[in-house]
Amino acid sequence: PFVFDADGLPLDERVDFAGQRPSSLVYRFLRDIEAQAVRRADAVLTRSRKATSILRARAGAGTAKGKFHVVSNGRDKALFSPREAADRVPVRERLGIAADAPLVVYAGSLGPQYSPEAMLSLFGLIRESRPDAHFLVLSGSPEVMKDLVSTYDSSLASGMTVMRVDANEVPSWLAAADLGLAFREPAFSMQGVAPIKLGEYLLCGLPVVATRGVGDSHFIDQNSGFLVNGCDSETLESVADWFTHKVLPSRDRYRTHCRSVGVEHFSLESSVEAYRKALLSVQVKS
């Protein structure tokens, strides 16, 4: 029995972000191998429903829909959790902010494809309504954001903390926040990914602001996040208004709902169950 784990659309990522030409011999050769793998596999694992549609179409007529299984990037729900209110306060004190100050967080890699300018613009809009708001950036390359922030108004920088932390510390920082950012430059290949940070945010009870079309986003409703098609000023103003006037006044309700969405779609249990079903389908056929 043969299982093909199609983790995203890596060949298309080379075209979108690494300058690979879709007409090149290398790309066409690897695309042919990918299509053959999909056709010959007894089960194909993908990270999104959109990736399933794309790979099935590329494999050609006769490729059974039932062999495709969407599996998630699961996280430990005991580790990534909202925590108690008493546990969140000390974390905020380390940032020098009040227990009720709006805290926006971004956790992950930094680069142009993650729209750092849009993050800063959104934070600036939030600060217009809530001057006590704070923006926490957790990244392995904090210098990228620090260099960018230095070109902005100093008042914006004074409300930010940019730092690198150990992986085991990330859940406690996320749990203390009120909003998680997950902007991503729209590109064809991004339809096949499953952003890990979305699961971490939701499991910690954070509403998310995410880019529509990056992986599956059908599970993000109006009570767990705000999906954007772009980062123009009008869109960012709408996000800021939603956060300050809808999320913050009903923070506990959003926290509870986001946690439930995270457990359903991003817990280790849900991920293991998806793999179990996929592998059992192969055993039955064999």
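Residues numbered from 1 in each chain as written. Predicted model: local features only at pLDDT ≥ 70, side-chain atom pairs only at ≥ 80, totals over all residues. Heavy atoms only, no water.

### Some thoughts on the overall build of the chain
Thinking step 1. Secondary structure assignment for the chain yields 12 helices and 9 strands.
Thinking step 2. The C-alpha atoms of the chain give a radius of gyration of 20 Å, which matches the 19 Å a tight globule of 286 residues would have.
Thinking step 3. Looking at the 286 residues of the chain, the share that counts as buried comes to 49%.
Thinking step 4. Taking contacts inside the chain between residues at least 6 apart in sequence as the whole, the part at least 24 apart equals 75%.
Thinking step 5. About 13,400 Å² of surface is accessible on the chain, with carbon and sulfur atoms providing 52% of the total.
Thinking step 6. Taking the average location of the 34 positive side-chain charges in the chain and that of its 34 negative ones, the two points are 8 Å from each other. (Helix = DSSP H or I, 4+ residues; strand = E, 2+ residues; numbered from the N terminus. Rg over C-alpha atoms; globule rule 2.2 N^0.38 Å. Buried < 20%, exposed > 50% of the residue type's maximum accessible area, 1.4 Å probe, protein only. Contact = heavy atoms within 4.5 Å. Areas by Shrake-Rupley, 256 points an atom, 1.4 Å probe, with all protein chains shown as cover. Lys, Arg positive; Asp, Glu negative; His and termini not counted. Charge placed at Lys NZ, Arg CZ, Asp CG, Glu CD.)

### Brief notes about helix α11 (residues 251–266)
Thinking step 1. The end-to-end C-alpha separation of α11 is 21 Å, in line with the 22 Å expected for 16 residues at 1.5 Å each.
Thinking step 2. Arg251, Tyr254, Arg255, Cys258, Val261, Gly262 and Phe266 are the residues of α11 that are buried. Projected down its long axis, α11 shows its buried positions confined to an angular sector of 135 degrees, all on one face. Exposed side of α11, more than 90 degrees from the buried face: Asp252, Thr256 and Glu264 are the residues found there. (Expected span 1.5 Å × (residues − 1). Arc of directions from axis to C-beta.)

### Things to note about the state of the cysteines
Thinking step 1. Counting across every chain of the model gives 0 disulfides.
Thinking step 2. The closest cysteine sulfur to the non-disulfide-bonded Cys231 is located on Cys258, 19 Å from its own sulfur.
Thinking step 3. Distance from the sulfur of Cys258, which forms no disulfide, to the nearest cysteine sulfur (Cys204) is 11 Å. (Disulfide = S-S within 2.5 Å.)

### Structural notes on the pattern of salt bridges
Side-chain pairs of opposite charge can arise whenever the charged atoms involved come near each other.
Thinking step 1. Tallied over the full model, the rule gives 10 salt bridges.
Thinking step 2. Here Arg75 makes a salt bridge to Glu200, at a shortest N to O gap of 3.0 Å. Taken together, the residues span a long stretch of sequence, with Arg75 in the loop between β3 (68–70) and α4 (85–95) and Glu200 in helix α9 (residues 196–203) at a distance of 125 residues.
Thinking step 3. The class for Arg75 is partly exposed, based on a relative accessible area of 24%.
Thinking step 4. A relative accessible area of 13% places Glu200 in the buried class.
Thinking step 5. A salt bridge links Arg130 to Asp132; the shortest N-O distance between them is 2.9 Å.
Thinking step 6. Beyond isolated ion pairs, a larger network of salt bridges with shared partners links Asp5, Asp7 and Arg47. (Salt bridge = Lys/Arg side-chain N within 4 Å of Asp/Glu carboxyl O.)

### Details of the environment of Ala107
Thinking step 1. By secondary structure assignment, the location of Ala107 is in strand β4 (residues 103–107).
Thinking step 2. The exposure class of Ala107 is buried, given its relative accessible area of 10%.
Thinking step 3. Spatially, the C-alpha atoms of Ala107 and Lys197 are 7.0 Å apart, while their sequence positions differ by 90 residues.

### A closer look at the nonpolar core
Thinking step 1. Judged by nonpolar contacts, the single largest core of 63 residues is most densely connected at Phe135 and Met145.
Thinking step 2. Apart from residues no more than four positions distant in its own chain, Met145 is found in contact with Leu110, Pro116, Met119, Leu120, Val137, Met160 and Val162.
Thinking step 3. Counting residues in each nonpolar core, the second largest holds 11 residues, with Ala37, Val38, Ala41 and Leu55 among its members. (Core = buried A, V, L, I, M, F, W, Y, C linked by side-chain atoms within 4.5 Å.)

### Considering the packing of aromatic side chains
Thinking step 1. Counted according to the given criterion, the structure contains 4 aromatic pairs.
Thinking step 2. Consider the rings of Phe219 and Phe266, whose centres lie 5.2 Å apart with planes at 80 degrees: the pair is edge-to-face. Here Phe266 lies in helix α11 and Phe219 lies in the loop between β8 (208–211) and β9 (225–228), a separation of 47 residues in the sequence.
Thinking step 3. For the pair Trp242 and Tyr254, a centre-to-centre distance of 6.3 Å together with 80 degrees between the ring planes defines the contact as edge-to-face. Pair noted here: Trp242 is in helix α10 (residues 233–247) and Tyr254 is in helix α11, with a separation of 12 residues, a long-range link. Each member of the pair, Trp242 as well as Tyr254, is classed as buried.
Thinking step 4. One aromatic cluster in this structure is built from Phe226, Trp242 and Tyr254. (Phe/Tyr/Trp six-rings, centres within 6.5 Å; stacked < 30°, edge-to-face > 60°.)

### Some remarks on a negative patch on the surface
Thinking step 1. A cluster of acidic residues, Glu128, Asp232, Glu234 and Glu237, forms a negative patch at the surface.
Thinking step 2. In this structure, Asp232 sits in the loop between β9 and α10. (Patch = residues over 30% accessible without salt bridge, like charges linked within 9 Å, V, L, I, M, F, W, Y side chains within 5 Å.)

### Observations concerning the sheet that holds β8
Thinking step 1. If you walk across this open sheet you meet the 6 strands as β6-β5-β4-β7-β8-β9, and the pairing is parallel. This sheet does not close on itself; its edge strands, each paired only once, are β6 (160–163) and β9. When strand polarity is set aside, the average angle formed by the axes of neighbouring strands in this sheet is 20 degrees.
Thinking step 2. Across 4 bridges, the pairing between strand β5 (residues 134–138) and β6 is parallel. Note on β6: the bridge partner recorded for Val137 is Val162. (Pairing = 2+ DSSP bridges. Axes fitted to C-alpha atoms, helices over the stretch in contact; angles between N-to-C directions.)

So, to be careful, I would describe these as geometric facts and stop short of saying anything about function.
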